[in-house]
Amino acid sequence: MIDNRFAPYGALGLRVALGLMFIAHAYLKLVIFTPAGFAGFLGQVGLPGFLAWPIMLAELLGGLAILTGFYGRYVSILLLPVLLGALMVHAPNGWVFNAPNGGWEYPAFLALAALAHGLIGDGALALKPARLSWNGATATA
């Protein structure tokens, strides 16, 4: 059962947590790892280094969109490939994220949280809630 009185605030909490997480990860890559360092890391795991800037920008701009509720549910779905890529990179390291080079439980959790946000909607206080429609029916955010 869904409590319709509080569900919009639960969705808001999920949206804020996801948005802040994406912004924090973009900041980490930009300031701590540096773009060159992140590009080098991508090369070490078999991905093209030129993906560093698109990933960092997707995380930063996507995080801001999710945080503010500017078509956030769409952005969460669009960022799933970034999260699934992180999951694939960390999968060989084991379950726990504090394992050497980070495990896969955190990227898996974030991917599921992003999927849940996409399905649930933007919730309360969204600047531009996204709407999904199928078979003539419309689901509001």
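All residue numbers here refer to positions counted from 1 along the written sequence of the relevant chain. The predicted nature of this model means local features are confined to residues of pLDDT at least 70 and side-chain atom pairs, given and counted, to a pLDDT of 80 or more, with totals for whole chains, interfaces and linings taken over all residues. Side-chain figures throughout are based on the complete set of non-hydrogen atoms in the structure, without hydrogens or water.

**Observations concerning unusual backbone geometry**
- Positive phi, close to 70 degrees, is recorded for Asn101, a residue that is not glycine.
- Mapped onto the elements, Asn101 comes out in the loop between helix H5 (80–90) and helix H6 (105–120).
- Throughout this description, buried means an accessible area under 20% of the type-specific maximum (1.4 Å probe, protein chains only), exposed means over 50%, and partly exposed covers the range between. The class for Asn101 is exposed, based on a relative accessible area of 64%.
- Here Leu125, not a glycine, exhibits a phi torsion of approximately 60 degrees, which is positive.
- Helix and strand labels come from DSSP, where a helix needs a run of H or I of at least four residues and a strand needs a run of E of at least two; each type is numbered from the N terminus. With respect to the element layout, Leu125 can be found in the loop between H6 and strand S1 (132–134).

**Digging into helix H3 (residues 52–68)**
- One less than the residue count of a helix, multiplied by 1.5 Å, gives the span that helix is expected to have. Given a rise of 1.5 Å per residue, 17 residues ought to cover 24 Å, and the 24 Å separating the end C-alpha atoms of H3 matches this to within 8%.
- For H3, the full list of buried residues reads Ala52, Ile55, Met56, Glu59, Gly62, Gly63, Ala65 and Ile66.

**What about the side chain of His90?**
- Note that His90 resides in helix H5.
- With near-sequence residues (within four places) excluded, His90 lies in contact with Phe97, Asn101, Gly102, Gly103, Trp104 and Pro107. Any two residues whose heavy atoms approach within 4.5 Å at even a single point are treated as in contact.

**Notes on the layout of surface pockets**
- The way it works is a 1 Å grid over only the protein atoms, where trapped points that fit a 1.4 Å probe form a cavity and open points with protein on both sides within 12 Å along at least five of seven lines form a pocket, and then any residue with an atom within 4 Å of a point lines it. Grid points are joined across faces, edges and corners, and a volume is the space filled by probe spheres set on the points. Taken as a whole, the largest pocket encloses approximately 610 Å³ of empty space.
- The wall of the largest pocket is formed by 26 residues, among which Lys29, Phe38, Phe41, Ala86 and His90 lie closest to the centre.
- Secondary structure elements with two or more residues in the lining of the largest pocket: helix H1 (7–33), helix H2 (35–44), H3, H5 and H6.
- It is H5 that provides the largest number of residues to the lining of the largest pocket, a total of seven residues.
- Taken together, the residues of the lining of the largest pocket break down into 20 nonpolar, four polar and two charged. Gly counts as polar in this scheme, as do all residues outside two lists: the nonpolar Ala, Val, Leu, Ile, Met, Phe, Trp, Tyr, Cys and Pro, and the charged Asp, Glu, Lys and Arg.

**Some details on the packing of H2 against H3**
- Helix axes are fitted to C-alpha atoms over the stretch in contact, other axes to C-alpha atoms as well, and angles between N-to-C directions run from 0 to 180 degrees. Here H2 crosses H3 at 115 degrees, and the two axes come no closer than 9 Å. Considered as vectors, H2 and H3 are oriented roughly perpendicular to each other. By crossing handedness, the relation of H2 to H3 is classed as right-handed. Across the interface between the two elements, Pro35, Phe38, Ala39 and Leu42 of H2 pack against Ala52, Trp53, Ile55 and Met56 of H3. Working rule for angles: under 35 degrees goes down as roughly parallel, over 145 as roughly antiparallel, 65 to 115 as roughly perpendicular, anything else as oblique. Crossing handedness: left-handed means the near helix sits turned counterclockwise from the far one by under a right angle, and right-handed means the same turn made clockwise.

**Remarks on the packing of H1 against H2**
- Where H1 contacts H2, the two axes come as close as 6 Å, and the packing angle between them is 105 degrees. The orientation of H1 with respect to H2, classified from their angle, is roughly perpendicular. Residue-level contacts link Lys29, Leu30 and Phe33 of H1 to Pro35, Gly37 and Phe38 of H2.
- By residue class, the composition of the contact of H1 with H2 is four nonpolar, one polar and one charged.

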